[in-house]
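# Tertiary structure, described
Take a look at the letters that make up each chain.
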Amino acid sequence: MANVTKRPYKEYTVYQIWPRSFCDSNGDGIGDLMGVYSKLDYLKDLGVDVIWFSPLYPSPNADYGYDIADYKAINPEYGTMEDFKKVLDGAHERGMKVLMDLVVNHTSNEHYWFKESLKGEDNPYHSYYHWRKGKSAKKPPNNWLSTFEGGAWEYNKDLDKYYLHVFAKGQPDLNMDNPKVREEVKSIMRFWLDMGVDGFREDVITFISKPENFPNGFPIPVACGIEHYKNGPNAHKYLKEFQKEVLDKYDCFTVGESPMMTLKNALPYITEGDDQVMSMMFHFQHHEADCFMTEWIHVPFSLKKLKKAFSTWQNALYGKAWNSLYLDNHDHARIINRYGNVNYHKESGKMLATMCYMQSGTPFIYMGQEIGMLNIELDSVDKYKDVLTFNNYHLAQKLHLSDKTFLKMCHRSSRENARTPMQWSKEKNAGFTTGEPWFYVNDNYKKINVEDSLKDPDSILNYYKEIIRLRKANPLLVYGDYKEHYKSSRSLYVYERNYEGKRALVVCSFKEKGVNFKAPKGFDLSKGKLVLCNYKDAKVTDNGFVTRPYEARVYLFD
Ligand code: NOJ
């Protein structure tokens, strides 16, 4: 069996806060830092070890904070630097760590650097960005398209040049080939680490390097050109520079977000050793089990695809690198709607958590996931607020899709489904704010909220607590290996974990109908201890059982 190195971050459970929708303390309808402060005990009680904040920095909100106007300040909508320090200290006092979101593929177009860069080639900030002459009048330098808004090049008349933005127009890409830009990144990292933060989640970090000659991309309708920068030529080199010169000098850890990442391309970034440049990575492959190319093009959910995605990474990384384990985040529709069943809200919510967090890796839980928050069904296209939804709307219009059809697509796929205010209680606005919430509260808040979940021993929330507790109590669940059974089943996801003579067997049904399960060879269920189950009783007949809807069981064997 491969040897697994122990690291503190491997034993943590991380909780992601998308600050705008978490908790509002001052009644302006926008979540804020003092709101977070008021919930620190809640997070501690849940078992959280680390809080990851989606961007807290000043931002014109072209992409709700992922367009940063000042990397060393706090967005006044969320509070002050003093408030941040209070939250940081409050987290540390409770034994929790804090990760900041490091968004350095691009800045906001309102960042000082970009404003200066507009002054022309002689300005030292001009080369902080990718400014290029067009191919000819009105023809951008290449055919790249942005993920969020039409072409990836925006023309500036005064300069008669284009700047690159692979996301929104308000998110110009930084030119990481410029050593001064890399110095800025290091300075941002040091600023927060010196203040006491414990690491970074690094936004689209494998996109930071672009090929010098900007070749045309394969013509696809969105993000054309992405093959040239999704794993850019110098990305690893630059990240290694950040690692050696900054991160290695602090007690911290990182998780790098890497859309479109394959296992083979990921390994150089995460393999433990001298060339490792991030503690772990967020890849997206397990988010492709119900869609084609983009989450907006839905196909029927395939359990086999989901299992293949997880197993590929589990098998390849064990003993070499470390997995992140996540389901929801601020960029995806809610997981129960996608891979579970809203009619079996509790059962499937718990089953999905079991399936994911009993694997090898560090669990990441997105706010609201722990109470089983669901997608929202807004009744008009105008109610949506996100640049990605707008872009998809324009594409839908080009394809002559009706508003009704597009609205259905939003209900299923928009990432705004994950951005509705956190449901704290049955009170007005789900207890999120006393004012007018900046975005719509899901109508289901009287049934799905933290206050009731805390009181209900059978709630999804209490099940999450139990999962976190079990991981802490059993090194097997953290450091054990992974072996899949029932690989070809379209109904069951079954795997075992092994560590220092102990074993766990995890059985999850993705079906409403009963499925016959027999324990794999070498397992005697009567000798195992049932440590987790989403039903009250759990009978065994003939070393197996017929599953109940979305049943999940975890047995431990000494
Ligand atoms: C990934 C972030 O998670 C997403 O929310 C954002 O829109 C893009 N990166 C651009 O920063």
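Look a little higher up for the structure.
Residues numbered from 1 in each chain as written. Predicted model: local features only at pLDDT ≥ 70, side-chain atom pairs only at ≥ 80, totals over all residues. Heavy atoms only, no water.

### Some details on the site of the ligand
Here is the rule we go by: Any residue with a heavy atom positioned within 4 Å of a molecule or strand is treated as near that molecule or strand. Polar contacts here mean pairs of N or O atoms no more than 3.5 Å apart (in protein, one a potential hydrogen donor and the other a potential acceptor; neighbouring residues in sequence count only if both atoms are side-chain atoms). Computed by Shrake-Rupley with a 1.4 Å probe, the accessible areas treat only the displayed protein chains as cover when residues are assessed. The rule is simple: put a 1 Å grid over the protein atoms alone, call a set of points where a 1.4 Å probe fits but cannot get out a cavity, call an open set with protein on both sides within 12 Å along at least five of seven lines a pocket, and count a residue as lining if it has an atom within 4 Å of a point. Assignment of a molecule to a cavity or pocket requires that more than half of its atoms lie within 2 Å of the corresponding grid points. Only Asp, Glu, Lys and Arg are considered charged, only Ala, Val, Leu, Ile, Met, Phe, Trp, Tyr, Cys and Pro nonpolar, and every remaining residue, Gly among them, polar.
The ligand sits among 14 residues. The nearest are Asp63, His106, Asp203, His330 and Asp331. Within the side chain of Asp331, an N or O atom sits 2.4 Å from an oxygen atom of the ligand. At a separation of 3.0 Å, an oxygen atom of the ligand approaches a polar side-chain atom of Arg415. Coverage of the ligand by the protein chains reaches 97% of its 300 Å² of free accessible surface. Judged by the fraction of its atoms near the pocket grid, the ligand is located in the largest pocket. The class makeup of the residues in the shell around the ligand is four nonpolar, three polar and seven charged.

### Details of the packing of helix α7 (residues 263-270) against helix α8 (residues 303-317)
The criterion, for reference: Fitted lines through C-alpha atoms serve as axes, helices being fitted only where they are in contact, and the angles separating the N-to-C directions of these axes extend from 0 to 180 degrees. For the purposes of this entry, the term helix denotes a DSSP run of H or I that reaches at least four residues, the term strand denotes a run of E that reaches at least two, and both are numbered from the N terminus. With respect to orientation, any angle under 35 degrees is reported as roughly parallel, any angle over 145 as roughly antiparallel, any angle of 65 to 115 as roughly perpendicular, and every other angle as oblique. Crossing handedness is defined as follows: a turn of the near helix away from the far one that is anticlockwise and smaller than a right angle gives a left-handed crossing, while the clockwise case is right-handed. We call two residues in contact whenever any of their non-hydrogen atoms come within 4.5 Å of each other.
One can describe the packing of α7 onto α8 by two numbers: an axis separation of 12 Å at closest approach and a directional angle of 40°. It follows from the interaxial angle that α7 and α8 lie oblique. For the element pair α7 and α8, the recorded crossing hand is right-handed. Residues Leu263, Ala266, Leu267 and Ile270 of α7 form the contact with α8, whose participating residues are Thr312, Trp313, Ala316 and Leu317. Of the residues that constitute the contact of α7 with α8, the class distribution is seven nonpolar, one polar and no charged.

### Looking at the packing of aromatic side chains
For clarity, the cut-off: Each Phe, Tyr or Trp ring (for Trp, its six-membered ring) is paired with any other whose centre lies within 6.5 Å, and the angle between the two planes then decides the class: stacked below 30 degrees, edge-to-face above 60, tilted in between. A simple rule labels every residue: compare its accessible area, found with a 1.4 Å probe on the protein chains alone, to the largest value its type can have, and call it buried under 20%, exposed over 50%, or partly exposed in between. Two conditions define a charge located above a ring, namely a distance within 6 Å from the ring centre to NZ of Lys or CZ of Arg, and an angle within 35 degrees of the ring normal.
For the structure shown, the criterion picks out 48 aromatic pairs. Relative to Trp438, the ring of Trp18 has its centre 5.8 Å away and its plane inclined at 40°; by these criteria the two rings are tilted. Taken together, the residues Trp18 in the loop between β1 (14-17) and α1 (33-38) and Trp438 in the loop between α12 (403-413) and α13 (450-455) connect sequence positions 420 residues apart. Trp438 gets classed as buried once you look at its relative accessible area, which sits at 14%. Ring centres of Phe191 and Trp192 lie 4.9 Å apart, and the angle between their planes is 85°; this geometry places the pair in the edge-to-face category. Relative accessible area serves as the criterion here: at 27%, Phe191 is assigned to the partly exposed category. Feature note: the residues Phe53, Tyr57, Tyr71, Phe84, Tyr112, Trp113, Tyr125, Tyr128, Phe191 and Trp192 constitute an aromatic cluster, connected by ring pairs. For the cation-ring pair, Arg20 lies above Trp438, with the distance from its terminal atom to the ring centre recorded as 5.1 Å. Above the plane of the ring of Phe545 lies Arg553, whose end atom (NZ or CZ) is 3.5 Å from the centre.

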